[in-house]
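So the chains spell out like this:
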Amino acid sequence: PYLATLADSVLLKGGSASQKQKHQRQRDDFAPLIRLGTYARYACVRRALEAFLATSPTPQIISLGAGFDTLPFLACNANDDVTWVNVDLPETCLTLARAVASTQNLRDAVGLEPHEVDMKLPVPLRTKKYAVVCVDLAADGAPDALVVALTRGELPLLDTSRPTLLLSECCLAYLPAEQGDAIVSAVARAFPTVRILMYEMTLGGPFGEQMMTNLRLRGCPPVGAANSASALAERLRRCVNEAGDSSDGDDSWPPWSSSRSFDAVDMASAISRAMDAEDWRRVRTIEPLDEVEEFNL
């Protein structure tokens, strides 16, 4: 069932790419509200990512439950000194590794030579810029296994002293809260200057209740979803504090934050603070809503 949500994400982000490149949208079965929300999510996450990449000459990104996200290829193509690691289930990682190995544009973006792909677990694909790592984040011992995969071995994937971003888009909500918190704490202990960027679902209000019902029907309830954005931010703050985070922070990141501490905002606030106003007007023209209030709700 979780792979079905991955397929939905691929289709929706494909439509988002179409909206960015053109002044018309692709036909699909998704409601206008869902398509608008997906584009807003993509634009805000990309804006925050670009701001993070600009803060360091040698940035690292750990993307949890990354699926088939295309952001690493954009980041690697634009930055010779970035290191991006996708973490996901073996089936997803192997499918992604094969897709990258067989696609010239993707190989060029991450600096991959065809002979460098061996499809061996737990790292079926690795270059100087990009790696795909198989870790079942729901398994017992996953927090330690993740850190071992990232930082140990003859050729560690990441340098614990470099500025690092932990990225999660709708991943930790599917894990029990204790498991998700343990993963965040383990990464924070291993990477003392880690920054965290999350787009996660919350359960407060009628919308959250309906979302929980829909996901239960699909067999993948978000068992670790917080009741509100502020509750999620407090969980993350506690995880990092317990890990002994020593980061001095940077007031310029993320672009919608007013402080160096954890800041939780809903999508309406993120859009108003982070998205280009002209781009948002353009997309709203392509994807009009019958009831504008529907998006705000």
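Because the structure is predicted, anything quoted here is derived from the model rather than measured.

Undergrad: Outline the overall build of the protein, supporting the account with residue identities and numerical values.
TA: For the protein, the count of helices and strands is 12 helices and 6 strands. Considering the protein as a whole, with its 297 residues, one finds that 47% of them fall into the buried category. When contacts within the protein are restricted to residue pairs at least 6 apart in sequence, long-range pairs at least 24 apart make up 68% of them. For the protein, the exposed area adds up to about 14,800 Å²; of that, 51% sits on carbon and sulfur atoms.

Undergrad: Kindly report on the packing of helix α6 (residues 142-151) against helix α7 (residues 177-190), identifying the contributing residues and their values.
TA: Packed helices, taken two at a time, are described by the angle their axes make and the gap between the axes. Relative orientation of the contacting elements α6 and α7 amounts to 30 degrees, with a least axis distance of 8 Å. When the axes of α6 and α7 are compared, the crossing they make is right-handed. Residues A142, P143, L146 and V147 of α6 lie in contact with α7, whose contacting residues are Q179, A182, I183, A186, V187 and A190. Across the contact of α6 with α7, the residue classes tally to 9 nonpolar, 1 polar and no charged.

Undergrad: How would you explain the pattern of salt bridges if you had to name every residue and give the values?
TA: Tallied over the full model, the rule gives 9 salt bridges. The salt bridge involving E287 is made with R35; its shortest N-O contact spans 2.7 Å. Highlighted residues: E287 in the loop between α11 (277-286) and α12 (293-296) and R35 in helix α2 (residues 32-53), separated in sequence by 252 residues. A relative accessible area of 7% places R35 in the buried class. Notably, a salt bridge pairs E169 with R41, separated by 2.8 Å at the nearest N-O pair.

Undergrad: Any details on the nonpolar core? Residues and values, ideally.
TA: By size, the foremost hydrophobic cluster in this structure holds 41 residues, and its most contacted members are I61, W84, V100, Y130 and M275. Taken together, the elements giving at least two residues each to this core come down to α2, α3 (71-78), α4 (90-101), α5 (104-110), β4 (130-134), β5 (164-169), α10 (267-274) and α11. Sequence-distant contacts of W84, defined by excluding residues within four places in its chain, comprise L49, I61, S63, L71, P72, A75, C76, K129, Y130, A131 and L167. Of all hydrophobic cores here, the second largest spans 34 residues; its members include V85, L137, V184 and L236.

Undergrad: I'd like a rundown of the pairing of β5, residues and numbers included.
TA: Taken across its 6 residues, β5 has 6 buried, putting it largely inside the fold. The side-chain alternation of β5 yields two buried faces, one formed by T164, L166 and S168 and the other by L165, L167 and E169. The pairing of strand β1 (residues 60-64) with β5 spans 5 bridges and is parallel. Across the sheet, the residue bridging to I62 is L166, located in β5. The pairing of β5 with strand β6 (residues 195-199) spans 5 bridges and is parallel.

Analysis parameters
- Counting starts from 1 at the beginning of each chain's written sequence and moves along it residue by residue.
- With pLDDT at 70 or above as the cut-off, local features in this predicted model cover only qualifying residues; side-chain atom pairs require 80 or more to be listed or tallied, and sums for whole chains, interfaces and linings still use all residues.
- Think of the side-chain values as coming from all heavy atoms in the structure, minus any hydrogens and water.
- Only DSSP runs of H or I with at least four residues qualify as helices, and only runs of E with at least two residues qualify as strands; both kinds are numbered from the N terminus onward.
- Only protein chains enter the accessibility calculation, which uses a 1.4 Å probe; a residue is then buried when its area is under 20% of its type maximum, exposed when over 50%, and partly exposed in between.
- Contacts are residue-level and defined by heavy atoms, with any inter-residue pair within 4.5 Å sufficient.
- Residue burial considers only the protein chains on display, and all accessible areas are found by Shrake-Rupley using a 1.4 Å probe.
- Whenever a helix is involved, its axis is fitted only over the stretch in contact; in every case the axis is a line through C-alpha atoms, and angles between N-to-C directions fall within 0 to 180 degrees.
- Take the far helix as your reference; a near helix turned counterclockwise from it by less than a right angle gives a left-handed crossing, and one turned clockwise gives a right-handed crossing.
- Charged residues are taken to be Asp, Glu, Lys and Arg, nonpolar residues to be Ala, Val, Leu, Ile, Met, Phe, Trp, Tyr, Cys and Pro, and polar residues to be all remaining types, Gly included.
- Each reported salt bridge corresponds to a side-chain nitrogen of Lys or Arg within 4 Å of a carboxyl oxygen of Asp or Glu.
- Here, nonpolar core means buried Ala, Val, Leu, Ile, Met, Phe, Trp, Tyr and Cys residues that are tied together by side-chain atoms lying within 4.5 Å of each other.
- When DSSP finds two or more bridges between a pair of strands, those strands are recorded as paired.

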